[in-house]
Amino acid sequence: MKTIGFMFKIPIAMVLFSLAGLGALAAQGLTVSGLLDSTVSMSAGAGDSPAFSYGLEEYANLRIQAKIKDRAAFYGAVNFIAAAGNIAQGAVGLGLIAGENYVAGFELERLYFRLNGDNLDFDGGLLRLPFGYGQVWGPSDFLNPKNPLLPNARPRAVLGGSLSWYPVDSLKLLAFGSAPKDPFSRSGAGGLAGLSMDQHWDRASLQLLYAFESPGDGSDQGIHRAGMSVKADLELGLVADLLYTYNAEAQTQIDGLSFSIGCDYSFFEGKFIVLAEYLYNGAASSTAFNDGKNIFGRKNDNYLYASLSFLFFDYTLVSAALISGFDDVSFTPIISLEHELFQGCGLNISAQIPLDRDLFSGDGNQGELGPRTAYSSFTARIRLRF
């Protein structure tokens, strides 16, 4: 699944009516775009799972945008999903509708508006609030931590708002807030409010971030988050991203820190790219295990992501990456190939193979990224953009 969210049980007639309405609005100037993914996967079992399993998925992301004069705009996005096999099994509990040989769902992904001023913007609704410059781990992006095992997943949105002020072209000041994680909370407990600053120079950028989560489940005194993200374009592309989470009730210390640092370098006029990014992952930090919401547990303290990418003939990209958990000595190599069949149509083939010490020695030292907790998988996907 591309995002983890609530799937609304929408009658097919209503979906068709909505699509017809979008078509009518598009004729009046509404911009409609999106993508369609057709995916086939084969997996080797982990734990109590079958030795081999398959998965099929048809996924569409439909995006709409409408400008209202020169001072406002409306944005929306919806996901349509039909799945079978292990992909459908992984979606159990998300409110999907079951067909004869598939499950299907409809998900609202974005729904917000933007008001534009000369140097002041306001966004409100179901929107994305991204933070930090990290390419792989993204500690500052605490509202939706990145997962390198799912590089194509679209980040989830939050229900909230943000006010952006641009005193000068190179400086952005942002005030933001969002509803509590529990959508049924009526007291506002667990709500979020914060500030950030982005300063850009010719070859470097700096972001400072502070957020406060009001008292609620997990903290009677609230949770404080403060961070910094830096990137620089020198001979190497450098990035550092950190976020410290402080919970007085849990007596957070160094375990509240999530910190990543990485670099990338390109050769042969950008056709060959090397990237590496290290993560220190505190047990109470933004990138730590969170009620099973991350695909893998993030239970190691130290991770390293390294990748090589090579572009062939302007249409074919071959990549090899390795995700390593240092503390339990486990690894997941990822090999992928992307080829543009024609403009707007691409083919992606990828394979992931989890490894740990127990796989080779049988000594019982099973790792977080090993075959007992992760799948060996082969996936082929055709993507159409429109």
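Remember, it's a predicted structure, so these values are computed and weren't measured experimentally.

(A) The arrangement of the overall build of the protein chain in detail. Across its full length, the protein chain carries 3 helices and 20 strands. For the protein chain, contacts bridging at least 24 residues in sequence account for 53% of all contacts bridging at least 6. Per element, the accessible surface of the protein chain, about 20900 Å² overall, is 62% carbon and sulfur.

(B) The pairing of strand β12 (residues 237–247), seen in detail. Every second residue of β12 is oriented toward a common face, the buried set being Gly237, Val239, Asp241, Leu243, Thr245 and Asn247 and the non-buried set Leu238, Ala240, Leu242, Tyr244 and Tyr246. Pairing between strand β11 (residues 223–233) and β12: 11 bridges, direction antiparallel. The residue of β12 that forms the bridge with Ala226 is Tyr244. Counting the residues between successive antiparallel strands, the hairpin from β11 to β12 contains 3 residues. One ladder, built from 8 bridges, connects β12 with strand β13 (residues 257–267); its direction is antiparallel. Considered in β13, the bridge of Leu243 is made with Ser258.

(C) View of the environment of Leu96. Of note, Leu96 is situated in the loop between α2 (86–89) and β4 (97–98). As for Leu96 and Ala82, which are separated by 14 residues in sequence, their C-alpha atoms are 9.1 Å apart.

(D) Representation of the nonpolar core. With 14 residues, the main nonpolar core has Leu129, Phe131, Phe142, Phe176, Leu192, Leu209 and Ala211 as its most contacted residues. Among the elements of the structure, β3 (72–85), β8 (171–178) and β10 (204–213) are those that each provide at least two residues to this core. If we ignore the near neighbours within four places in the chain, the residues touching Ala211 are Phe142, Phe176, Leu192, Ala193, Gly194, Ile223, His224 and Arg225.

(E) View of unusual backbone geometry. One non-glycine residue, Phe268, adopts positive backbone phi at about 50°. Examined against the element boundaries, Phe268 turns out to sit in the loop between β13 and β14 (272–281). Of note, Asp314 is a non-glycine position whose phi angle comes to about 65°, a positive value. The topology assignment puts Asp314 in the loop between β15 (302–312) and β16 (316–325). Overall, Asp314 belongs to the exposed group, its relative accessible area being 53%.

(F) Inspection of the packing of aromatic side chains at higher detail. Under the definition given, this model contains 12 aromatic pairs. Ring geometry for Phe80 and Phe106: centres 5.1 Å apart, planes at 55°, overall tilted. Of this pair, Phe80 sits in strand β3 while Phe106 sits in strand β5 (residues 103–116); the two residues are 26 residues apart in sequence, bridging distant segments of the chain. Here the aromatic cluster, defined as three or more aromatic residues joined through ring pairs, consists of Tyr265, Phe267, Phe268, Phe272, Phe310, Phe312 and Phe313.

(G) Looking closely at the pattern of salt bridges. According to the stated counting rule, one finds 7 salt bridges in the structure shown. With a shortest N-O distance of 2.7 Å, Arg383 and Asp37 are connected by a salt bridge. Of the two residues, Arg383 sits in strand β20 (residues 376–385) while Asp37 sits in strand β1 (residues 31–44), which places them 346 residues apart along the sequence. Note on Arg383: relative accessible area 19%, which makes it buried. Since its relative accessible area comes to 0%, Asp37 is described here as buried. Each member of the salt-bridge network shares a partner with another, and the members are Asp37, Arg381 and Arg383.

(H) Looking closely at the side chain of Ser43. Take Ser43: it is sitting in strand β1. At 3.4 Å, the side chain of Ser43 forms a polar contact with the side chain of Asn86.

(I) Focus on the environment of Phe113. By the secondary structure assignment, Phe113 is in strand β5. Judged by its relative accessible area of 36%, Phe113 is partly exposed. C-alpha separation for the pair Phe113 and Gly125, spaced 12 residues apart in sequence, amounts to 6.6 Å. Setting aside anything within four residues of it in sequence, one finds Phe113 in contact with Ala73, Phe74, Phe122, Asp123 and Gly124.

How each quantity is defined
Residues numbered from 1 in each chain as written. Predicted model: local features only at pLDDT ≥ 70, side-chain atom pairs only at ≥ 80, totals over all residues. Heavy atoms only, no water. Helix = DSSP H or I, 4+ residues; strand = E, 2+ residues; numbered from the N terminus. Contact = heavy atoms within 4.5 Å. Areas by Shrake-Rupley, 256 points an atom, 1.4 Å probe, with all protein chains shown as cover. Buried < 20%, exposed > 50% of the residue type's maximum accessible area, 1.4 Å probe, protein only. Pairing = 2+ DSSP bridges. Core = buried A, V, L, I, M, F, W, Y, C linked by side-chain atoms within 4.5 Å. Phe/Tyr/Trp six-rings, centres within 6.5 Å; stacked < 30°, edge-to-face > 60°. Salt bridge = Lys/Arg side-chain N within 4 Å of Asp/Glu carboxyl O. Polar contact = N/O pair within 3.5 Å; in protein donor to acceptor, adjacent residues only side chain to side chain.

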